[in-house]
Amino acid sequence: MIAVHFGAGNIGLGFIGLLLSQSGYEVKFVDVNEERVNLINERKSFKVALASEAGETTEVQGVSAINGRDADKVIDAIAEADIVTTAVGVGALPYLAGNIAEGIKRRLAAGQKPLVVIACENAIGGSTILKGHVLEKLDPGLREQAERAAAFPDAAVDRIVPLQQNEDPLQVTVEPFYEWVVDRSALPADFPHLQGVHFVDRLEPYIERKLFTVNTGHCCAAYFGYLKGHDTIQLAMQDEAVVAIVRKALEETGKTIVRVHGFDPEEHKRYIEKILERFRNPYLIDEVSRVGRSPIRKISPSDRLVRPMTLAYELDIETPALTMAVAAALFFDSKDDPEAAELQQAIREQGVSATIAKYTGLQTDHPLHAAIVKEYDRIRQEQEGK
Ligand SMILES: NC(=O)c1ccc[n+]([C@@H]2O[C@H](COP(=O)([O-])OP(=O)(O)OC[C@H]3O[C@@H](n4cnc5c(N)ncnc54)[C@H](O)[C@@H]3O)[C@@H](O)[C@H]2O)c1
Ligand SMILES: O=P(O)(O)OC[C@@H](O)[C@@H](O)[C@H](O)[C@H](O)CO
């Protein structure tokens, strides 16, 4: 069985590639980082170490890599694959679509069995988004056939994998916890078992619980940690003021998703506590710049801050902590983050009110818009007073 995985980065190596290999797949990575591709091909293996007291290390063997710019090789690999997965960042999905579409065309011509394509990104409906890009690349006359030739089940992936500080560029240190949930309803009936994957009939509750708890809490720790001058999530989580606001934000998203999806409130409280413990893992060094990265994506309408706020608003649930978090995100000016730079430029040139409307989708007449502006002004005064 062959798996083609796009993105030999932290999640690609430390989570998805590892699990695919443990499920018996020969894993072929596709990446645009030539140095990484060459190193994988030289070694045919990489190591995954657990961020725990024992620090167990697993060596994943028999892997190879293809340069993402070598379209012919990528298409050949897709044409003969059993599964295609991605972990490149949701913004990079459009760039994979052309080769996946060509691979599917090749499979159609050869009458091959359906291909399974799973986007393992932090987004609601990541595989569905990728499917949209792939179909766009195909002639309209081929789209219906292509829909039968490839399944795109959505997924939720959870494992904290920080930026790596190992001497060995192919070694990844990962937290021990992981959860990979896949929408079974979109899979072909004969799809083989994948080790460590939880198949469910409805993915929405799982992805919303994960994104609006793990990722909401994480970015709150990053944005408030940044304001307080902390460099890592672990340091931010030692600051009781940061923890209090993270916890409050998770109470707000918690109330909302318990109402929307009917999760047991006590069980959800335990889920939140477990996540706070994961953020504190002393064997991880997770930089605020990574966790807060791409603030425009993180304050966009369907992501981890604004989506739970608008859901809560419809349910008459107040969200002062989430409001503060969106305002805090507007101060995140992390070096070398193009989205942070764009956001700061928009604030300078268009003002904060127009920037909020543009990037959160909350227009000036929405009460949540006014609440964010008020928090932004309060934080600015606080920062200026420092
Ligand atoms: N790191 C985590 O804790 C974590 C956990 C769950 C989900 N995720 C999600 O997984 C995805 C990847 O995150 P990451 O932390 O592994 O990032 P990363 O930057 O470590 O890895 C991304 C890899 O994708 C490659 N890439 C980018 N564009 C590409 C293209 N067009 N073709 C082929 N390869 C390309 C990059 O070169 C890089 O090696 C993101 O959507 C992220 O939200 C990350
Ligand atoms: O990857 P992002 O930028 O969507 O979010 C940053 C982190 O919150 C994220 O990578 C988490 O570590 C991960 O989602 C844990 O499962």
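What you see is a predicted model; the values in this text were computed from it and never measured.

1. Things to note about the site of ligand 2
Thinking step 1. Around ligand 2, the surrounding shell consists of Asn122, Asp158, Arg159, Ile160, Val214, Asn215, His218, Val291, Arg293 and Ser294.
Thinking step 2. No other element matches the three residues that helix 7 (residues 204–227) contributes to the shell around ligand 2.
Thinking step 3. A breakdown of the residues in the shell around ligand 2 according to their chemical character gives three nonpolar, four polar and three charged.
Thinking step 4. Formed jointly, the shell around ligand 2 draws a minimum of three residues from each of two domains, domain 1 (2–202) and domain 2 (205–384).

2. Details of helix 14 (residues 320–329)
Thinking step 1. Counting buried positions along helix 14 yields nine of ten residues, so the element is predominantly enclosed.
Thinking step 2. Within helix 14 the residues assigned to the buried category are Ala321, Leu322, Thr323, Met324, Ala325, Val326, Ala327, Ala328 and Ala329.
Thinking step 3. At its buried positions, helix 14 is contacted by helix 7, helix 9 (240–261), helix 12 (295–298), helix 13 (306–314), helix 16 (352–360) and helix 17 (367–384).

3. A word on the environment of lysine 228
Thinking step 1. You can see lysine 228 is positioned in the loop between helix 7 and helix 8 (233–236).
Thinking step 2. On the basis of neighbour counts, which here come to 13 C-beta atoms within 10 Å, the residue lysine 228 falls in the partly exposed class.
Thinking step 3. As for lysine 228 and aspartate 239, which are separated by eleven residues in sequence, their C-alpha atoms are 9.0 Å apart.
Thinking step 4. Those residues within four positions of lysine 228 in sequence are excluded, and the remaining contacts are Asp239 and Val242.

4. Description of the site of ligand 1
Thinking step 1. The full set close to ligand 1 counts 25 residues, and Gly7, Gly9, Ile11, Glu121 and Asn122 are the nearest of them.
Thinking step 2. Going through the elements one at a time, helix 1 (10–22), strand 2 (26–31) and helix 4 (93–110) are the ones with two or more residues in the shell around ligand 1.
Thinking step 3. In terms of residue count, the dominant contributor to the shell around ligand 1 is helix 1 (three residues).
Thinking step 4. Residue composition of the shell around ligand 1, by class: 14 nonpolar, eight polar and three charged.

5. Focus on the confidence of the model for the chain
Thinking step 1. For the chain, the average pLDDT comes to 97, and 100% of its residues sit at 70 or higher.
Thinking step 2. The ipTM for the predicted assembly is 0.99, set against a pTM of 0.97.

6. Let's talk about the sheet that holds strand 10 (residues 171–174)
Thinking step 1. Strand order in the open sheet made by the three strands is 4-3-10, with mixed pairing throughout. Looking at which strands have only one partner, the edges of the open sheet turn out to be strand 4 (57–61) and strand 10. Averaged over all pairs of adjacent strands, the angle between their axes in this sheet comes to 25 degrees, without regard to strand direction.
Thinking step 2. Summarising the sheet, strand 3 (residues 45–50) and strand 4 pair through five bridges and their orientation is antiparallel. Within the sheet, the bridge partner assigned to valine 48 lies in strand 4 and is threonine 58.
Thinking step 3. Across the sheet, helix 1 lies against strand 3, strand 4 and strand 10, angled at about 90 degrees from strand 10, the strand it touches most.

7. Quick notes on the sheet that holds strand 9 (residues 155–158)
Thinking step 1. The mixed open sheet is built from three strands, whose spatial order is 9-11-12. Each edge of the open sheet carries a strand with a single partner, namely strand 9 and strand 12 (197–200). Neighbour-to-neighbour, the strand axes of this sheet turn through a mean angle of 15 degrees, independent of strand direction.
Thinking step 2. Docked against the sheet, helix 7 engages strand 9, strand 11 (179–183) and strand 12, running at close to 35 degrees with respect to strand 9.

8. With respect to the packing of helix 7 against helix 10 (residues 265–280)
Thinking step 1. Orientation of helix 7 relative to helix 10, taken along the N-to-C sense of each, is 45 degrees, at an axis distance of 10 Å. Between helix 7 and helix 10, the angle falls in the class oblique. Like other packed secondary-structure pairs, helix 7 and helix 10 cross with a definite hand, here right-handed. Here Thr213, Val214, Gly217, His218 and Ala221 of helix 7 come into contact with helix 10, specifically with Tyr271, Ile272, Ile275 and Phe279.
Thinking step 2. Counted by class, the contact of helix 7 with helix 10 contains six nonpolar, three polar and no charged residues.

9. Considering the nonpolar core
Thinking step 1. The biggest cluster of nonpolar side chains holds 69 residues, and the ones touching the most others in it are Phe15, Ala81, Val84, Ile100, Val117, Cys120 and Ala155.
Thinking step 2. When residues of this core are sorted by domain, at least three fall in each of domain 1 (2–202) and domain 2 (205–384).
Thinking step 3. Dropping the residues within four chain positions of it, valine 117 is found in contact with Val84, Ile100, Ser127, Leu130, Ala150 and Phe152.

10. Section: the packing of helix 9 against helix 14
Thinking step 1. Interaxial distance between helix 9 and helix 14 falls to 7 Å at its minimum, and their mutual angle equals 120 degrees. Judged by the angle between their axes, helix 9 and helix 14 are oblique. Crossing geometry of helix 9 relative to helix 14 is assigned as left-handed. Of helix 14, the residues touching helix 9 (which contributes Ile245, Lys248, Ala249 and Glu252) are Ala321, Leu322, Met324 and Ala325.

11. Regarding the domain arrangement of the chain
Thinking step 1. Looking at the chain, the domain boundaries give domain 1 (2–202) and domain 2 (205–384).
Thinking step 2. Once you take the C-alpha centre of each, domain 1 and domain 2 turn out to be 28 Å apart.
Thinking step 3. In this assembly, 17 residues from domain 1 lie in contact with 17 residues from domain 2.

12. Some details on the UniProt feature "domain: Mannitol dehydrogenase C-terminal" (unreviewed entry) in the chain
Thinking step 1. The positions UniProt marks with the feature "domain: Mannitol dehydrogenase C-terminal" (unreviewed entry) are residues 203–379.
Thinking step 2. Across residues 203–379 one finds 72% helix and 0% strand; the C-alpha atoms that close the span lie 37 Å apart.

Cut-offs used in this document
Residues numbered from 1 in each chain as written. Chains lettered and ligands numbered in written order. Predicted model: local features only at pLDDT ≥ 70, side-chain atom pairs only at ≥ 80, totals over all residues. Near = placed C-beta within 6 Å. Helix = DSSP H or I, 4+ residues; strand = E, 2+ residues; numbered from the N terminus. Nonpolar A, V, L, I, M, F, W, Y, C, P; charged D, E, K, R; others polar. Domains from an automatic or database assignment. Buried ≥ 20, exposed ≤ 12 C-beta atoms within 10 Å, placed from the backbone. Contact = placed C-beta atoms within 7 Å. pLDDT = per-residue confidence, 0-100. Pairing = 2+ DSSP bridges. Axes fitted to C-alpha atoms, helices over the stretch in contact; angles between N-to-C directions. Parallel < 35°, antiparallel > 145°, perpendicular 65-115°, else oblique. Left-handed = near helix turned anticlockwise from the far one by under 90°. Core = buried A, V, L, I, M, F, W, Y, C linked by C-beta atoms within 7 Å. UniProt positions renumbered as here; feature names shortened; annotations may be inferred.

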